[in-house]
Amino acid sequence: MNGHRVAAAHGGAERGAEQPDYAGAVYGSLLAASVIAGTSPRQHPPAPGVLIALLLATGLVFWLAHVYARLVGDRQRGARLDWVEMRLVGRREWPLVQAAIPPAAVAAVCAVIGLSDLAVVWSAFLAALAGQVIWAMIASAKANATTAVIVVSAVVNLVLGLIIVVLKVLIMH
């Protein structure tokens, strides 16, 4: 269970389940960057509204999938499923959805100020990449990591984001 122990008071609810899962936010930002890259060919980038809808819908679908998978895993370990458990797990995984909000908001703002669809796409991508790096640093700091580990986390996530850019350029153009 990702290193967490089952809490007897809540059936299968994990200790700290009421705490956000910042790793989920890192993953959510990587997911948002992937959605942007995968739906944005240079010749015909998606309309900003389509991009925003895809970002938010993908975040919600993956959140539901993560919640479901965690609940199934808890159940397989003998945990009792109830509304308390579902709410705790849902809240813990919510940062996965929250990570899609900044790139979607950046896309909306860029569209409102009249930037081209391509500029909207790249601005949203940069917001997702920045979020990925920032969430990784927050997750490391919350885990009481050393400054060196926090910096390594930031660099690793920046490299992952840049790999998405390279793949986008190689595959889609």
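A quick note: this is a predicted structure, and the numbers were derived from the prediction, not measured.

### Some words on the overall build of the protein
Along the backbone of the protein there are 7 helices and 0 strands. Reading the secondary structure of the protein in the N-to-C direction produces α-α-α-α-α-α-α. Residue burial in the protein is summarised as follows: out of 173 residues, 40% are buried. Considering only intrachain contacts with a sequence separation of at least 6, the fraction spanning at least 24 residues in the protein is 73%. Surface accessibility of the protein: about 9,200 Å² in total, with carbon and sulfur atoms responsible for 70%.

### Some thoughts on the packing of helix α2 (residues 48-76) against helix α5 (residues 101-112)
Remark: α2 packs on α5, axes separated minimally by 9 Å, with the N-to-C direction vectors making an angle of 170°. In terms of their interaxial angle, α2 and α5 are classed as roughly antiparallel. Where α2 approaches α5, its residues P48, L51, I52, L55 and L56 are matched on the opposing element by I101, P103, A104, A107, A108 and A111. Residues of the contact of α2 with α5, tallied by class, amount to 11 nonpolar, no polar and no charged.

### Description of the packing of α5 against helix α6 (residues 117-142)
The interhelical angle for the contact between α5 and α6, taken along N-to-C directions, is 150°, at an axis separation of 8 Å. If you check the angle between α5 and α6, you find them roughly antiparallel. Seen along the crossing, α5 lies across α6 with a hand that is right-handed. Every residue of α6 that contacts α5 at P102, P103, V106, A107, C110 and A111 is listed here: V120, S123, A124, A127 and A128. Class assignment of the residues belonging to the contact of α5 with α6 gives a composition of 10 nonpolar, 1 polar and no charged.

### Things to note about the confidence of the model for the protein
Predicted confidence across the protein gives a mean pLDDT of 84, with 85% of residues reaching 70 or more. No element of the protein has a lower mean pLDDT than helix α7 (residues 147-172), which averages 86, and none a higher one than α5, which averages 97. Considering only residues more than four positions removed or in separate chains, one finds that residues 1-17, a stretch of pLDDT under 50, has 34 contacts.

### Topic: the nonpolar core
Among the nonpolar cores identified, the biggest contains 21 residues, and I36, L51, L55, A107 and F125 are the most heavily contacted of them. Elements with a contribution of two residues or more to this core: α1 (22-38), α2, α5, α6 and α7. For I36, the residues in contact, after removing those within four places along its chain, are L51, L55, P103, V121, A124, F125 and A128. W63, V67, L71 and V89 belong to the second largest nonpolar core, which has 5 residues in total.

### So, the environment of A32
Checked against the element boundaries, A32 lands in helix α1. Considering only alpha carbons, one finds A32 and L55, 23 residues apart in sequence, at a separation of 6.0 Å. Ignoring sequence-local partners within four residues, the contact set of A32 consists of L55, P103 and A128.

### Brief notes about unusual backbone geometry
It is generally the case that most residues other than glycine have a negative phi and that most peptide bonds are trans. Its identity as a non-glycine residue notwithstanding, N144 has a phi of 60°, on the positive side. Secondary-structure assignment places N144 in the loop between α6 and α7. Of the residues examined, N144 reaches a relative accessible area of 70% and is grouped as exposed.

Each value, and the rule that gives it
Residues numbered from 1 in each chain as written. Predicted model: local features only at pLDDT ≥ 70, side-chain atom pairs only at ≥ 80, totals over all residues. Heavy atoms only, no water. Helix = DSSP H or I, 4+ residues; strand = E, 2+ residues; numbered from the N terminus. Buried < 20%, exposed > 50% of the residue type's maximum accessible area, 1.4 Å probe, protein only. Contact = heavy atoms within 4.5 Å. Areas by Shrake-Rupley, 256 points an atom, 1.4 Å probe, with all protein chains shown as cover. Axes fitted to C-alpha atoms, helices over the stretch in contact; angles between N-to-C directions. Parallel < 35°, antiparallel > 145°, perpendicular 65-115°, else oblique. Nonpolar A, V, L, I, M, F, W, Y, C, P; charged D, E, K, R; others polar. Left-handed = near helix turned anticlockwise from the far one by under 90°. pLDDT = per-residue confidence, 0-100. Core = buried A, V, L, I, M, F, W, Y, C linked by side-chain atoms within 4.5 Å.

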